[in-house]
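# Overview (structure and organization)
Spelled out from the first residue to the last, the chains are:
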Amino acid sequence: MSQSVGRVPQRRNARSNRARILATARQELGRNPDTTLEELARASGVVRRTLFGHFPGRAALLEALAEEAAEALQAAAAAGVKATDPAERALARFSLSMWPVGDRYRMLLALAQRDLGMERVGEILEPARVEVTAILERGQRDGVFHSHLPPSVMGAGLEAMTLALLEEVNTGSLQDDGTRTAVATLIAAGVPEKQAHAVVDDVAGAVAAEAVADS
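Cut-offs and rules
- Residues numbered from 1 in each chain as written.
- Predicted model: local features only at pLDDT ≥ 70, side-chain atom pairs only at ≥ 80, totals over all residues.
- Heavy atoms only, no water.
- Helix = DSSP H or I, 4+ residues; strand = E, 2+ residues; numbered from the N terminus.
- Buried < 20%, exposed > 50% of the residue type's maximum accessible area, 1.4 Å probe, protein only.
- Areas by Shrake-Rupley, 256 points an atom, 1.4 Å probe, with all protein chains shown as cover.
- Lys, Arg positive; Asp, Glu negative; His and termini not counted.
- Charge placed at Lys NZ, Arg CZ, Asp CG, Glu CD.
- Axes fitted to C-alpha atoms, helices over the stretch in contact; angles between N-to-C directions.
- Parallel < 35°, antiparallel > 145°, perpendicular 65-115°, else oblique.
- Left-handed = near helix turned anticlockwise from the far one by under 90°.
- Contact = heavy atoms within 4.5 Å.
- Nonpolar A, V, L, I, M, F, W, Y, C, P; charged D, E, K, R; others polar.
- Core = buried A, V, L, I, M, F, W, Y, C linked by side-chain atoms within 4.5 Å.
- Salt bridge = Lys/Arg side-chain N within 4 Å of Asp/Glu carboxyl O.
- Bend = angle between axes of the 7 residues up to and from the residue.
- pLDDT = per-residue confidence, 0-100.

### Focus on the overall build of the protein
- Within the protein one finds ten helices and zero strands.
- The linear arrangement of helices and strands in the protein, starting from the amino end, is α-α-α-α-α-α-α-α-α-α.
- With respect to the three principal axes, the spread of C-alpha positions in the protein is 65 × 40 × 30 Å.
- Per-residue burial for the protein yields a buried fraction of 40% across its 215 residues.
- Here the protein has roughly 11,600 Å² of accessible surface; of this, 54% comes from carbon and sulfur atoms.
- Taking the average location of the 24 positive side-chain charges in the protein and that of its 28 negative ones, the two points are 10 Å from each other.

This is the structure:
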């Protein structure tokens, strides 16, 4: 009995250490993709052996971050859009719901080709790609969005723009809470600028009210 009770704090401490290491990695790798595991251990307040006990190498640490990002994106994609929303509101809500996740894991962009590979990053982004393609299909059908590109191709362009804007945030060239990118996304999809601003402001207010109501 005493052994099983004794293991509980150890397991809790291990979970706490792992979460702290991952949180530190998101922050430190975002500032410097070349940060070493030894430096991450010091920044996390754990000894090197503890970090390597959770993550035997850099690849294991980055894969854990990739899993976190995939789960967060999937949850945001599932919860961010209302089926009853008009397409332009759905796209604004989608963009706003994705932004915090992208902002949190934007350091993966700097590490993608070198450490994870674009195929793995594509797997992470797949739920978001499926959702946005469906929104664009609906918007084109309703005459809200441009129809000169297939929805999947337009979605790829919007994704590239969003990733580029996230990188600009990462470098400090752009300050954005997600609303500027959401407006740019609607404009790129074919919504007039004035209408895009109005839609994003309205959706952002609704999202904030929903968050207060849920808290």
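### Focus on the packing of helix α5 (residues 87–104) against helix α7 (residues 118–141)
- Two elements in contact, α5 and α7, have axes separated by 9 Å at closest approach and are oriented at 160°. As summarised for this structure, α5 and α7 are arranged roughly antiparallel, according to the angle between their axes. Regarding α5 and α7, the two cross each other, and that crossing is left-handed. Touching A87, A90, L91, F94 and M98 of α5 are A128, E131, V132, I135, L136, R138 and G139, all from α7.
- Here the residues of the contact of α5 with α7 sort into nine nonpolar, one polar and two charged.

### Here we look at the nonpolar core
- Within the largest apolar cluster, 54 residues are counted, with the highest numbers of intra-cluster contacts made by L61, L91, L136, F145 and L186.
- In terms of residue count, the dominant contributor to this core is helix α4 (residues 58–79) (ten residues).
- With residues up to four places along the chain from it excluded, the contact list for L61 reads I21, L22, A25, L37, L40 and F55.

### As for the packing of α5 against helix α9 (residues 179–189)
- Packing of α5 against α9 leaves a shortest axis separation of 9 Å and a crossing angle of 145°. By crossing handedness, the relation of α5 to α9 is classed as right-handed. Within the contact between the two elements, α5 uses E88, L91, A92, S95, L96 and W99 and α9 uses T179, T181, A182, T185, L186 and A189.
- A per-class count over the contact of α5 with α9 returns seven nonpolar, four polar and one charged.

### A closer look at the pattern of salt bridges
- Scanning the model with the defined rule gives ten salt bridges in all.
- R26 is the salt-bridge partner of E68, the closest N and O atoms lying 2.7 Å from each other. Residue E68 is located in helix α4, and its partner R26 is located in helix α1 (residues 2–31); the two are separated by 42 residues in the primary sequence.
- A residue is classified by how much of its surface remains accessible, and E68, at 23% relative accessible area, is partly exposed.

### Quick word on the environment of A72
- Following the sequence through the fold, A72 ends up in helix α4.
- Not counting the four nearest positions on each side in its chain, A72 is found in contact with V101 and Y105.

### Concerning α7
- At L125, α7 shows its largest bend, some 50°, and a proline, P127, comes one to four positions later.
- Where α7 ends, the next residue or the one after it, G143, has phi of about 80°, a positive value.

### A look at the confidence of the model for the protein
- Per-residue pLDDT for the protein averages 86, and the proportion of residues at 70 or more is 92%.
- By mean pLDDT, helix α6 (residues 107–116) is the weakest element of the protein at 73, and α9 is the strongest at 97.

### Describing the environment of I135
- With respect to the helices and strands, the residue I135 is situated in helix α7.
- When its relative accessible area of 2% is taken as the criterion, I135 is described as buried.
- Between the C-alpha atom of I135 and that of D85, which follows or precedes it by 50 residues, the distance is 10.0 Å.
- Excluding anything up to four places from it in sequence, I135 contacts V81, A87, A90, L91, F94 and F145.

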